[in-house]
Amino acid sequence: MAAALPAGLPLLLALLLLLAPRGRAQGFGQSRFVCTSVPLDGDVCAAAAQGSGSAEELKSTVLQLRETVLQQKETIMNQKETIRELTAKLGRCESQSVLEAPPGEPKGGGAGRRQPGFAKNTMGDLSRAPAAETLSQLGQTLQSLKTRLENLEFSRMNSSGQTTNLKDILQNKIDDLEKQVLSRVNSLEEGKFNPKNESEERGKIESTLTSLHQRISDLEKGQKDNRPPDRFQLTFPLRTNYMYAKVKKSLPEMYAFSVCMWIKSSASPGMGTPFSYAVPGQANELVLIEWGNNPMEILINDKVAKLPFVINDGKWHHICVTWTTRDGVWEAYQDGTQTGSGENLAPYHPIKPQGVLVLGQEQDTLGGGFDATQAFVGELAHFNVWDRKLSPGEVYGLATCSSKALSGNVIAWAEANIDIYGGATKWTFEACRQLN
């Protein structure tokens, strides 16, 4: 038999129901109630009215807590999504690092980080490129040298005995180089390549290419004895990080300059870097570059101006860029006509002296750090530098191959002023001959 309810308890329960918030928010723990006793003959509504202040405060607190929890829940969901995205990206990076790490290096998240003191030589990261791509690029270089040998043999039919001996010697060198490349690629594929010998191996291949090229160039020189010293062009047939030319002379401190050259390319996307000048502490002191799908740019002390050149059509074009430190005013000429101008390009910053001037590659370090994706592909000739702004008439004379055209008073185009490396070649310059 159920016990009788104490007097006044129904009224107390009714009051609790009035004070309790409607609905329960999950995760709040135990609800807290404020109880007020009501006499048996008292007015429940009056008692509720007396406790309404506490009820309103409680409702307001609960609503604030509920809003806070909803905001925190939304924040947590956003953070979880961000964490998932970052985890996925980290997984892809780690996977790529494992694929790209040279044999013998630890594979993991830190494999792609360059260690302090690591110097990138002119052969670049050949060991990290796919083996087939490495073999293809070097194979094309060797094929170009073979073609030059065949041209020599054909042009010296009258001295067949001497030509045969020279041809055999050089052909043997090329064969030996091909064996080195094949051996190196096979070692990479099998994971047997010793990273300690990487620099030495790269140096041997580059040295062999350079000496082979020099020997062939010496043989070809007999055919070019009648050529004026400035009537030559440099050819960079491949997008590599070891094929380049170096100007023997550095630049002085300059408060103005004009850089002019003949250029021919059909490389895509972007023809690369026709020239770069680096100084200690600043690899981008003076650079001309067309990288990817971007327009050609001139960089001075890392400041950039976009140039309105349209020259990527496989035809010879003459281009000039002039600049003065006063207000950073620059002008761009194509085929003798001014096509663009601007100002505020590295104003009041003189070009620093005692740097390294390279043709065909962009320098990330002084005299090196080449990146194949930024290499110039095409032909280049009559690279001249002045320490003043040329007049429009002087630029036009250069573009039309006028007999009165000036040579650069800082850098003049002459074979004796240029050293070439990695299989870049010299040929007789034809553009001015066609114009004349």
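Below or above, wherever it landed, is the structure these notes cover. This is a predicted model, so every value here is computed, not measured.

Rules behind the numbers
- Residues numbered from 1 in each chain as written.
- Predicted model: local features only at pLDDT ≥ 70, side-chain atom pairs only at ≥ 80, totals over all residues.
- Heavy atoms only, no water.
- Disulfide = S-S within 2.5 Å.
- Helix = DSSP H or I, 4+ residues; strand = E, 2+ residues; numbered from the N terminus.
- Buried < 20%, exposed > 50% of the residue type's maximum accessible area, 1.4 Å probe, protein only.
- Salt bridge = Lys/Arg side-chain N within 4 Å of Asp/Glu carboxyl O.
- Pairing = 2+ DSSP bridges.
- Contact = heavy atoms within 4.5 Å.
- Axes fitted to C-alpha atoms, helices over the stretch in contact; angles between N-to-C directions.

## Thoughts on the state of the cysteines
Phase 1 of the analysis: With the rule as written, the count across this model stands at 2 disulfides.
Phase 2 of the analysis: Between the sulfur of C260 and that of C320 lies a disulfide, 1.9 Å long from S to S. Between C260 and C320 the disulfide shows an S-S torsion of about 120°. By sign, it is right-handed. With C260 in strand β3 (residues 256-264) and C320 in strand β8 (residues 317-324), this residue pair connects regions lying 60 residues apart in the sequence. Taken individually, C260 and C320 each receive the classification buried, so the pair is uniform in this respect.

## Considering the pattern of salt bridges
Phase 1 of the analysis: Under the defined criterion, the tally for this structure stands at 6 salt bridges.
Phase 2 of the analysis: One salt bridge connects E331 with K389, and the closest N-O pair in it is separated by 3.7 Å. Here K389 lies in the loop between β12 (378-386) and α7 (392-399) and E331 lies in strand β9 (residues 329-334), a separation of 58 residues in the sequence.
Phase 3 of the analysis: Classification of K389 as partly exposed rests on a relative accessible area of 29%.

## A few points about the pairing of β3
Phase 1 of the analysis: When you tally the buried positions in β3, you get 8 out of 9 residues, the bulk of the element.
Phase 2 of the analysis: As judged from the 8 bridges shared by β3 and β8, these two strands associate in the antiparallel manner. Within the sheet, the bridge partner assigned to A256 lies in β8 and is T324.
Phase 3 of the analysis: Pairing of β3 with β12 involves 6 bridges; the strand directions are antiparallel. Residue K264 lies in a different strand from β12, and its bridge partner there is E379.

## Brief notes about unusual backbone geometry
Phase 1 of the analysis: The linkage connecting S268 with the following residue, P269, adopts the cis geometry, with an omega of 0°.
Phase 2 of the analysis: Along the chain, P269 turns up in the loop between β3 and β4 (272-279).
Phase 3 of the analysis: Residue D327 is not a glycine yet carries a positive backbone phi of 65°.
Phase 4 of the analysis: Positionally, D327 belongs in the loop between β8 and β9.
Phase 5 of the analysis: For D327, a relative accessible area of 37% translates into the label partly exposed.
Phase 6 of the analysis: Phi is positive for Q354, which is not a glycine, with a value near 60°.
Phase 7 of the analysis: Overall, the relative accessible area of 65% leaves Q354 in the exposed class.

## A word on the environment of K315
Phase 1 of the analysis: Following the sequence through the fold, K315 ends up in the loop between β7 (303-306) and β8.
Phase 2 of the analysis: In this structure K315 comes out as exposed when scored by relative accessible area, which is 54%.
Phase 3 of the analysis: Separated by 50 residues in sequence, K315 and S265 place their C-alpha atoms 6.8 Å apart.
Phase 4 of the analysis: Setting aside its immediate chain neighbours within four residues, K315 contacts I263 and K264.

## A word on the sheet that holds strand β1 (residues 232-236)
Within a sheet, adjacent strands bond to each other through the backbone by hydrogen bonds, running parallel or antiparallel.
Phase 1 of the analysis: Pairing is antiparallel in the open sheet, where 7 strands are placed in the order β10-β9-β8-β3-β12-β1-β14. If you trace the sheet from one side to the other, it starts and ends with β10 (337-342) and β14 (425-428), each paired once. Shown here is a sheet whose adjacent strand axes are inclined to one another by a mean of 25°, direction ignored.
Phase 2 of the analysis: Note: β1 against β14, 4 bridges, orientation antiparallel. The partner of F232 across the bridge, within β14, is T428.

## Observations regarding the sheet that holds β4
Phase 1 of the analysis: If you walk across this open sheet you meet the 7 strands as β7-β6-β5-β4-β11-β2-β13, and the pairing is antiparallel. Either end of the sheet is taken by a strand with one partner, and the two such strands are β7 and β13 (418-421). Across the sheet, the axes of successive neighbouring strands diverge by a mean angle of 20°, strand direction being ignored.

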